Amino acid sequence: IAFMKVMVNWFRSREFATLVGVNVLVGFGGSMLGTMPLALLVVRWGWRLPLSIVAAFSLALAVLNWALVRDDPHELGLPGIGEMDPDSRPNSSDSAAGIHKWSLVKDAFMTWRCTPTVWKVSVISMLVWGGYQAFQVLWAGPYLIHVHDKGPVAAGASLWLLSVGGGPGALLAGFVSDKLLRARRPFLIAGISGTALA
């Protein structure tokens, strides 16, 4: 969500789906590293060293993010995306200037509670990503190991394939939605239908 907030302030709305695809691809990259590669490291060195490496890498990314990423172009003295491209969304950070943070939280909660579109997106996300993540993260590994007698590395390799398809698929879907179809609804309907059928 934080990435999407920054994205709205820095990029044109017609680039939104592609950038969401990039975000999902990066997330699946983490999933890929957390399956077979992590299993190989754990088999070789145990849990402590691989998780220490992940923690150090995460800390380094957090420091780089804090040092380099800005919420809004105005923080760097640059024009906002709404000023550069009038067809794009207006810069939302201007309207929020000077408003108390708790007021923003309350307004966000009321918007979430009272807006049917937000509920639709929340339910779709829960059904699609909730099921997928529950399967990949929680159940699939133990299922493959205990029911099908696969070793941790072989189970990790099977889970790795889920990420190999998911990440590039999201990037491709975003690109086609932005550049070829220039529409969101057909991809949402196709994606939800495909997930429901699967």
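About the thresholds
Residues numbered from 1 in each chain as written. Predicted model: local features only at pLDDT ≥ 70, side-chain atom pairs only at ≥ 80, totals over all residues. Heavy atoms only, no water. Helix = DSSP H or I, 4+ residues; strand = E, 2+ residues; numbered from the N terminus. Buried < 20%, exposed > 50% of the residue type's maximum accessible area, 1.4 Å probe, protein only. Contact = heavy atoms within 4.5 Å. Areas by Shrake-Rupley, 256 points an atom, 1.4 Å probe, with all protein chains shown as cover. Lys, Arg positive; Asp, Glu negative; His and termini not counted. Charge placed at Lys NZ, Arg CZ, Asp CG, Glu CD. Polar contact = N/O pair within 3.5 Å; in protein donor to acceptor, adjacent residues only side chain to side chain. Salt bridge = Lys/Arg side-chain N within 4 Å of Asp/Glu carboxyl O. Axes fitted to C-alpha atoms, helices over the stretch in contact; angles between N-to-C directions. Parallel < 35°, antiparallel > 145°, perpendicular 65-115°, else oblique. Left-handed = near helix turned anticlockwise from the far one by under 90°. Nonpolar A, V, L, I, M, F, W, Y, C, P; charged D, E, K, R; others polar.

A. Expanded view of the overall build of the protein. Per the secondary structure count, the protein includes ten helices and zero strands. Along its sequence from the N terminus, the protein presents helices and strands in the succession α-α-α-α-α-α-α-α-α-α. Across the 198 residues that make up the protein, the buried fraction comes to 19%. Of all intrachain contacts in the protein linking residues separated by at least 6 positions in sequence, the fraction that spans at least 24 positions is 61%. Counting every atom, the protein has about 13,700 Å² of accessible surface; 72% of that belongs to carbon and sulfur. Across the protein, the mean location of the 16 positive side-chain charges is 8 Å away from that of the 11 negative side-chain charges.

B. Examining unusual backbone geometry more closely. Although it is not a glycine, D149 sits at a positive phi angle of roughly 55°. Using a relative accessible area of 67% as the deciding quantity, one classes D149 as exposed.

C. Region of the structure containing the side chain of D72. Along the chain, D72 turns up in the loop between α4 (48–68) and α5 (81–84). A polar contact is formed between the side chain of D72 and the backbone nitrogen of H74, at a distance of 2.7 Å.

D. Representation of the pattern of salt bridges within the structure. Applying the stated rule across the entire model yields one salt bridge. Between E15 and R12 there is a salt bridge, with the nearest N and O atoms lying 3.6 Å from each other.

E. The packing of helix α3 (residues 36–45) against helix α9 (residues 152–181), seen in detail. Remark: α3 packs on α9, axes separated minimally by 7 Å, with the N-to-C direction vectors making an angle of 165°. By the criterion of interaxial angle, the relationship of α3 to α9 is roughly antiparallel. For the pair α3 and α9, the sense of crossing is right-handed. In this structure, α3 uses M36, P37, A39, L40 and V43 to contact α9, whose residues at the interface are P152, V153, G156, A157 and W160. Counted by class, the contact of α3 with α9 contains nine nonpolar, one polar and no charged residues.

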